[in-house]
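One-letter residues, chain by chain:
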Amino acid sequence: MPRGRKSRPGFTLIELLVVIAIIAVLIALLLPAVQQARESARRTQCSNNLKQIGLAIHNYHDSYTRFPLSSIDPGLGKSGVFASILPYLDQGNTYQQYNFSLGNTDPTNLIAVSQKIPAYLCPTAPFRRPVPISGCDSNSRAPGTYAACTGSLDPYGTFPTTANPTSVPNNGAIVNSGSGSTSMRDLTDGSSSTFLCGESAWNFGDYLWGAMPATPCSGQVRWGFTYWSSPYPLATAFTTAGPFNPKSMQGDSSRLSSFRSEHIGVVNMLLCDGSARYISENIDHNLLNSLATRSGGEVVGDF
Amino acid sequence: MRPPPQFSNLRMCWVPVSGEGDMAGTLQCRWASIGLLAVCCVVGCGGSKGPQRVAVRGAILFNNEMLKAGRITFTPIDGSKGPTAVATVTDGFYDFNVLNGPVVGKNKVQIESIIDPGFAMDDEAAYAKASQEKGGVPVLPQQPIPPEFNQQSKLVVEVSPDGEKKLDFSL
């Protein structure tokens, strides 16, 4: 009796090859998914950061019965939300170092403002240059990637004054000192449909260091402006007036106060009820403005 | 006599098929794997796109002069939905491409002049100084273009997916 196929059960070579090919296809499909899982984890970490910031702002509100101001002085140069909530983020020592009667660019505050605070940095956001560069980033301020939402209008706005009768105050949950102060009861649109904070990024490849103030970096790419300690509108007091999630500045510095992120297609936004949401960059702009205002009276549908 | 293998008729790739008929089995197997690959490719390529945008460009006249530095914003209204499109106006001209242009449908247009306060807007120290000099009032000068063209804009244009891609405004 000839030995051969009949007597031995098992796989043929072709079957084995097919199985290997299928496994290869599955791995090829899976590997990109693994990379996306990493990004997904970073995005979740980013939303956790925002939730921590939201919790800190709520705790601040419990202590002072109002929200922290986006800027405590009309010159927009002293301190803002992210300095005010430091003690509620376990950063009490940094808070103690901060002299709030001096500006964030005052050398006295150097130790405080140069602290990199993990909760203020989105893990997805890369830094394409070292931040801070000593001598260029004034007072060596550490970067941040989050900003407060001051509404849907001009972030510099205040109540009308004789010098500027058409000025419009901030209409978001967080406002600057020239626009009064806000607390939970001012959120007549509902805390679940009002933005509290959102993301910023260091992603403007066409944003260069200016000639003034003169620094050794003038003319080089600056990438961004968001220092957590700065209350300046281009740093941490954003609005939805400009484009949502812009990728470049195009010669218009007001775009520095647009919410933007390094995540693909979405921006993480924190609502006043303490929840963080991924907002698509293709969101209808009227809906976005409704979410940015605290008392616009708009009916906000699903988002 | 040995009983026939139980699943040999199903000819599934991962069931050991022995003896007769495995040639046909592997053939089917090959087609199945090719089919699987094709299905994966088709399913995997589906991406989500935003609303359709249109490349638009044009000129802006303010008081019969070219608007030197400004900003033009198209915001969808009245049933058309989508993100806003913002372009910088330089020496009277603006230019959108299909990636950042306005969405198809009715759009509200807002035109602002970028005012030069005498210092770069990203110069915080200069802003703080100017604010101190003015006694703590807003430093930025008033918008020269009247509010009916920006804050309370009544300018509405219909952006069609094809046809006129040139929109000029005279304020």
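Participant: Give a description of the state of the cysteines that names residues and reports values.
Facilitator: All names here are of chain A. Taken as a whole and judged by the stated rule, the model has one disulfide over all chains. The residue that forms a disulfide with Cys 136 is Cys 217, at a sulfur-sulfur distance of 1.9 Å. Taking the sign of the S-S torsion, 85° for the link of Cys 136 and Cys 217, the bridge is right-handed. Residue Cys 136 is found in the loop between helix H4 (110–113) and strand E1 (146–149), and its partner Cys 217 is found in the loop between strand E3 (204–208) and strand E4 (221–223); the two are separated by 81 residues along the sequence. Each member of the pair, Cys 136 together with Cys 217, is buried. Considering cysteine sulfurs only, Cys 272 is the nearest to Cys 149, which forms no disulfide, with 8.2 Å between them. Cys 197 forms no disulfide, and the closest cysteine sulfur to it belongs to Cys 149, at a distance of 8.3 Å.

Participant: Any details on the nonpolar core? Residues and values, ideally.
Facilitator: One finds Tyr 120, Leu 196 and Cys 197 of chain A to be the most contacted residues of the largest nonpolar core, which totals 33 residues. Breaking this core down by element, the ones donating at least two residues are helix H1 (13–64), helix H2 (81–84), H4, E1 and strand E2 (195–199) of chain A. Among residues more than four places away in sequence, those in contact with Cys 197 of chain A are Leu 50, Ile 53, Ile 57, Phe 82, Ala 147, Ala 148, Cys 149, Phe 259, Met 269 and Leu 270 of chain A. With 24 residues, the next largest nonpolar core counts Cys 217 and Leu 234 of chain A together with Phe 119 and Leu 140 of chain B among its residues.

Participant: Describe in detail the confidence of the model for chain B, supporting the description with residues and values.
Facilitator: Segments scoring low in pLDDT should not have their predicted coordinates read at a detailed level. All names here are of chain B. For chain B, mean pLDDT is 75; residues scoring 70 or higher make up 70% of the total. Per-element averaging of pLDDT across chain B places helix H1 (residues 22–44) at the bottom with 52 and strand E4 (residues 85–90) at the top with 91. Taken as a whole, residues 4–24 scores under 50 in pLDDT and shows 20 contacts with residues more than four places along the chain or in a different chain. Of the regions scoring below 50 in pLDDT, residues 40–47 engages in one contact with residues more than four places distant in sequence or in other chains. The ipTM, which scores confidence in the relative placement of chains, is 0.81 for this predicted complex, and the corresponding pTM is 0.82.

Participant: I'd like a rundown of the side chain of Glu 199 of chain A, residues and numbers included.
Facilitator: Residue and element names in this part refer to chain A. On the secondary structure map, Glu 199 appears in strand E2. Nearest to the buried, unbridged Glu 199 among oppositely charged side chains is Arg 43, at 8.3 Å. A polar atom in the side chain of Glu 199 sits 2.9 Å from the backbone nitrogen of Asn 268. Here Glu 199 is in contact with Cys 46, Cys 122, Thr 145, Tyr 146, Phe 238, Phe 259, Arg 260, Ser 261, His 263, Val 267, Asn 268 and Met 269, once residues within four sequence places are set aside.

Participant: Tell me about the environment of Gly 297 of chain A, and name the residues and values.
Facilitator: Following the sequence through the fold, Gly 297 of chain A ends up in the segment after helix H6 (285–292). By relative accessible area, which is 62% here, Gly 297 of chain A ends up exposed.

Participant: Describe H6 of chain A, with residues and values.
Facilitator: It helps to recall that an α-helix has 3.6 residues per turn; residues three or four apart then point in one direction. Counting buried residues along H6 of chain A, six of its eight residues qualify, which places the element largely inside the surrounding structure. Listed as buried for H6 of chain A are His 285, Leu 287, Leu 288, Ser 290, Leu 291 and Ala 292 of chain A. Considering only its buried residues, H6 of chain A is in contact with E1, E2 and strand E7 (276–280) of chain A together with strand E3 (69–76) of chain B.

About the cut-offs
Residues numbered from 1 in each chain as written. Chains lettered and ligands numbered in written order. Predicted model: local features only at pLDDT ≥ 70, side-chain atom pairs only at ≥ 80, totals over all residues. Heavy atoms only, no water. Disulfide = S-S within 2.5 Å. Helix = DSSP H or I, 4+ residues; strand = E, 2+ residues; numbered from the N terminus. Buried < 20%, exposed > 50% of the residue type's maximum accessible area, 1.4 Å probe, protein only. Core = buried A, V, L, I, M, F, W, Y, C linked by side-chain atoms within 4.5 Å. Contact = heavy atoms within 4.5 Å. pLDDT = per-residue confidence, 0-100. Lys, Arg positive; Asp, Glu negative; His and termini not counted. Salt bridge = Lys/Arg side-chain N within 4 Å of Asp/Glu carboxyl O. Polar contact = N/O pair within 3.5 Å; in protein donor to acceptor, adjacent residues only side chain to side chain.

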